Amino acid sequence: MLGKLLKYDFRSMGKQFAFVWPAVLVLALVNRFTFGGLFREGGADIGLPGQLATGLTFLVYWAVILATMVLTLVFIIQRFFKGLLGDEGYLMHTLPVKTWQLIVSKLICGMTACIISVLVALLSVLIIIPVPTADLLDFWPELFRALGSQGVNGFLAPLELLLLILVSLVQCCLHLYLAMAIGHLFGKNRIVMSVVAFLAINFVVSFLFSSAFFSFVSLLGEQVTELVYDRMEMSVWGVWHSAVGLMILGSAAAAAVYFFFTERILRRRLNLE
Amino acid sequence: MSEYLVTCIGLTKRYGQKEALSKISLQLAPGRIIGLLGPNGSGKTTLIKLLCGLLQPTEGSITVDNNPVGPHSKAVISYLPDKMYYADWMRVSDLFDLFADFYADFDRERAENMCLSLGISPSDRIKTMSKGTKEKVQLVLVMARRAKLYLLDEPIAGVDPAAREFIMNTILTNYDEKASVLISTHLISDVEPVLDEAIFLREGQVVLHDSADALREREGKSLDALFRDVFRAQIYGGGTL
C-alpha cells in the first residue's frame, strides 16, 4: 500500500515542479552563454547592452532558484497540511491504509522533492560555470588521498556526512509534521498553533540536547576532557568520526520521537472538522 | 461473529466542553437503507465521521463488519463526505486509477459508464468542473464500489430538485442489495420512500430507532410528519415522544 500511496504523491510532486525544475536548468543554460561567457577569454568585453542582458538573466536565474527552494518548503508543508489535515484528508484517511504509511509516503515524497531541488541547483551551477569532466573525475580521488593523508577515512567520511545530511533532513520534515499535527489538535487558529508548536519543539529539543551535552561533560568531568584530548592526539579522524556519529544518533533519535507522536496524534486524535 | 454490520456501544464524542454525541448504542443490520435523520447540529456528521475513522471517539467502541475502525473497516466502507476531497491536479481518470488501486471492490467499468451517462469525460480536469459536476463525480466514485456499507453524508443537501432525483436514483440503482446504506439528511420527504429504517438524532442522542414501517404504524404518520413533530417540540421547548 505504501508503494501505491507514493505513486500518487510522486505524481502530485511531478505536477508541482513540472515547470520550475526545467526552468532552472534552461535559465542556467542561458546564463552559461551570458554570465559564464564573462570568464572566457575576451568575454568581459561585451558592452553595456551585453552587461545589462547578462545582469538580467543572472537575476532571473537567482529568482527562480529562490522560488524553487521556497516552493520545495511550501510543498513539504502543504502536502502534509492539505493532504492529511485538510479536505484531501477526507480521502486519504478513509483509504484502507495504516496511518504510518500515510506519513511515510509524505515524508519520502517531501525529501525526494528537496533532494532533487538541491541537485537541480547544483547542476545548474555546473552548467553556468563548466568544469571540465576530467577535473571533476580527478577531484574525488584527490580528495580521498588528501583526507587519507590526514588520517581520515576518505571513503567513510563523505558517506557519514551524507548520512548526517539525510537524517537531518528527515528530522526537519518530521519536526514540521509534528508541529502541524499538534496545531490540528486545537479547534481554532490551527496554523498559528502549528507555528507555536514548531517553536516550542525547537526550544525543548535544543534545551534537551544542550543539557544532555553539559550534564555529560560535568558528570564525567576531567575524564571526558582527557578522553577527548587523547583521541585528538590519536587521530583527527577519531574525533570527526565520534562527532558526526553522535550528531547522526541525536538527529535520528529526535526524528524517531517526532514520528512516534505524529503517528499517534493522527491515529488516535484525528479530528477532521 | 455478530450478524450486525455496525455495532456502536456507549459512543460519546466531545469537542472540548461540548458533547456532540452522548452514549450512543446502535446496531445496524446488512441489506438496509437507513435514514440518519436530525436537524443541523444533531450529531449526524459526527457519527458518520466516527464510523469511517475521520474522528476518534471520546468514549465507547465501534465495530464495522466485526472489526474495529481501521484498514479493514475502511476497505468495506464507501464514504461520501459533505465536502470535496480532490487534489487540484487530478483528472477524473486519475481518481479512477486511485480508487482501483486502493479498493478491490471498485468497478471501473461501472464508474466509466455512469460518467458517460452524465456527459463527464474521464480526461476532464477536476479543477475546471462546476461544483455540481464535482459532486456528481464524487457520487460516481462512491457508488461504483461494491462496498458493504455506504455512508452518505447529506448527499441531497444544497442541490436542485432535478439533481436530488438523480442522486437518489444513482444511489438506489447502484448499491449492492446485501449492503447497507446510511444516509444522513434533514430533507426527510425526499428519502422517505426508500428508507427501510430510520434513526432520529437529537442533540447527540438517539431518540428513535426502528424500521420505517413500524414507526409509521406506531405513530400513525409519515416519517416526514413525525420528524416535524419531534423537532418542532425541540425548537419550542416542549412535547414528548
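Since the model is a prediction, treat every value here as computed from it, not as a measurement. (Residues numbered from 1 in each chain as written. Chains lettered and ligands numbered in written order. Predicted model: local features only at pLDDT ≥ 70, side-chain atom pairs only at ≥ 80, totals over all residues. Heavy atoms only, no water.)

*Asks:* Where do I start with the overall build of chain B in this structure?
*Replies:* Along its length, chain B carries nine helices and 10 strands. Since a compact globule built from 241 residues should have a radius of gyration of about 18 Å, the 18 Å found for chain B is in line with a globular shape. Counting only C-alpha atoms and orienting by the principal axes, one finds that chain B spans roughly 55 × 40 × 35 Å. Split into buried and exposed, the 241 residues of chain B put 51% on the buried side. A separation of at least 24 residues holds for 69% of the contacts in chain B among residues at least 6 apart in sequence. Carbon and sulfur atoms make up 47% of the accessible area of chain B, which totals about 10500 Å². Averaging the locations of the 28 positively and 32 negatively charged side chains of chain B gives two centres separated by 5 Å. (Helix = DSSP H or I, 4+ residues; strand = E, 2+ residues; numbered from the N terminus. Rg over C-alpha atoms; globule rule 2.2 N^0.38 Å. Buried < 20%, exposed > 50% of the residue type's maximum accessible area, 1.4 Å probe, protein only. Contact = heavy atoms within 4.5 Å. Areas by Shrake-Rupley, 256 points an atom, 1.4 Å probe, with all protein chains shown as cover. Lys, Arg positive; Asp, Glu negative; His and termini not counted. Charge placed at Lys NZ, Arg CZ, Asp CG, Glu CD.)

*Asks:* It is not clear to me how the sheet that holds strand 1 (residues 6–15) of chain B should be interpreted in this structure. Could you clarify?
*Replies:* Two orientations exist for strands paired in a sheet by backbone hydrogen bonds: parallel and antiparallel. Residue and element names in this part refer to chain B. Read from one edge of the open sheet, four strands run 2-1-4-5, paired in antiparallel fashion. Looking at which strands have only one partner, the edges of the open sheet turn out to be strand 2 (18–28) and strand 5 (67–68). Direction of pairing for strand 1 relative to strand 2: antiparallel, over a ladder of seven bridges. Across the sheet, residue arginine 14 finds its bridge partner in strand 2, namely glutamate 19. Contacting strand 1, strand 2 and strand 4 (59–64), helix 1 (residues 44–52) crosses the sheet at an angle of about 120° to strand 1. (Pairing = 2+ DSSP bridges. Axes fitted to C-alpha atoms, helices over the stretch in contact; angles between N-to-C directions.)

*Asks:* Is there a simple way to think about a positive patch on the surface in this case?
*Replies:* Taken together, the side chains of Lys15 of chain A together with Arg91, Arg125 and Lys127 of chain B define a basic patch exposed on the protein surface. Tracing the backbone through its elements, the reader meets arginine 125 of chain B in the loop between helix 4 (108–117) and helix 5 (131–143). (Patch = residues over 30% accessible without salt bridge, like charges linked within 9 Å, V, L, I, M, F, W, Y side chains within 5 Å. Salt bridge = Lys/Arg side-chain N within 4 Å of Asp/Glu carboxyl O.)

*Asks:* Mind showing me how you'd approach the pattern of salt bridges here?
*Replies:* Any two side chains of opposite charge can pair if their charged atoms end up close together. With the rule as written, the count across this model stands at 22 salt bridges over all chains. A salt bridge links arginine 11 of chain A to aspartate 94 of chain B; its shortest N-O distance comes to 2.3 Å. One end of the pair, arginine 11 of chain A, is in helix 1 (residues 2–17); the other, aspartate 94 of chain B, is in helix 3 (residues 92–102), on a second chain. The exposure class assigned to arginine 11 of chain A is partly exposed, which follows from its relative accessible area of 28%.

*Asks:* So what exactly am I meant to see when it comes to a nonpolar patch on the surface here?
*Replies:* Residue and element names in this part refer to chain A. Residues Met69, Ile115, Val118, Leu119, Leu122, Leu156, Leu159, Leu162 and Leu166 make up a contiguous nonpolar surface patch of about 730 Å² in total accessible area. Counting only elements with at least two residues in the nonpolar patch, the list comes to helix 5 (99–128) and helix 7 (156–183). Residue position: leucine 166 is located in helix 7. In this structure leucine 166 comes out as partly exposed when scored by relative accessible area, which is 33%.

*Asks:* What exactly am I supposed to notice about the confidence of the model for chain B here?
*Replies:* The predicted coordinates ought not to be read in detail in places where the model reports low pLDDT. For chain B, per-residue confidence averages 86 on the pLDDT scale, and residues scoring 70 or more make up 95% of the total. Confidence metrics for the complex model read pTM 0.87 and ipTM 0.87. (pLDDT = per-residue confidence, 0-100.)

*Asks:* Just to check I follow, could you spell out the sheet that holds strand 6 (residues 77–80) of chain B for this structure?
*Replies:* All names here are of chain B. Reading across from one edge, 6-7-8-3-9-10 is the order of the six strands in this open sheet, with mixed pairing throughout. Two strands bound the open sheet, and with one partner strand each, they are strand 6 and strand 10 (205–211). Between one strand axis and the next, the sheet turns by 15° as a mean value, whatever way the strands run. Bridging between strand 7 (residues 149–153) and strand 8 (residues 180–185) involves five bridges; their strand directions are parallel.

*Asks:* Just checking my understanding: could you explain the packing of aromatic side chains for this structure?
*Replies:* Any aromatic ring pair is given by two values, namely how distant the centres are and how the planes are angled relative to each other. The full count for this structure, using the stated rule, is 14 aromatic pairs over all chains. Ring centres 6.1 Å apart and planes at 25° place the aromatic pair phenylalanine 58 of chain A and tyrosine 61 of chain A in the stacked group. Of this pair, phenylalanine 58 of chain A and tyrosine 61 of chain A both sit in helix 3 (residues 47–84), separated by three residues, roughly a single helical turn. Taken together, the aromatic side chains of Phe96, Phe99, Tyr103 and Phe106 of chain B make up a single cluster linked through ring pairs. Above the face of the tyrosine 103 of chain B ring, arginine 145 of chain B is positioned so that its terminal group lies 3.6 Å from the ring centre. (Phe/Tyr/Trp six-rings, centres within 6.5 Å; stacked < 30°, edge-to-face > 60°. Lys NZ or Arg CZ within 6 Å of the ring centre and 35° of its normal.)

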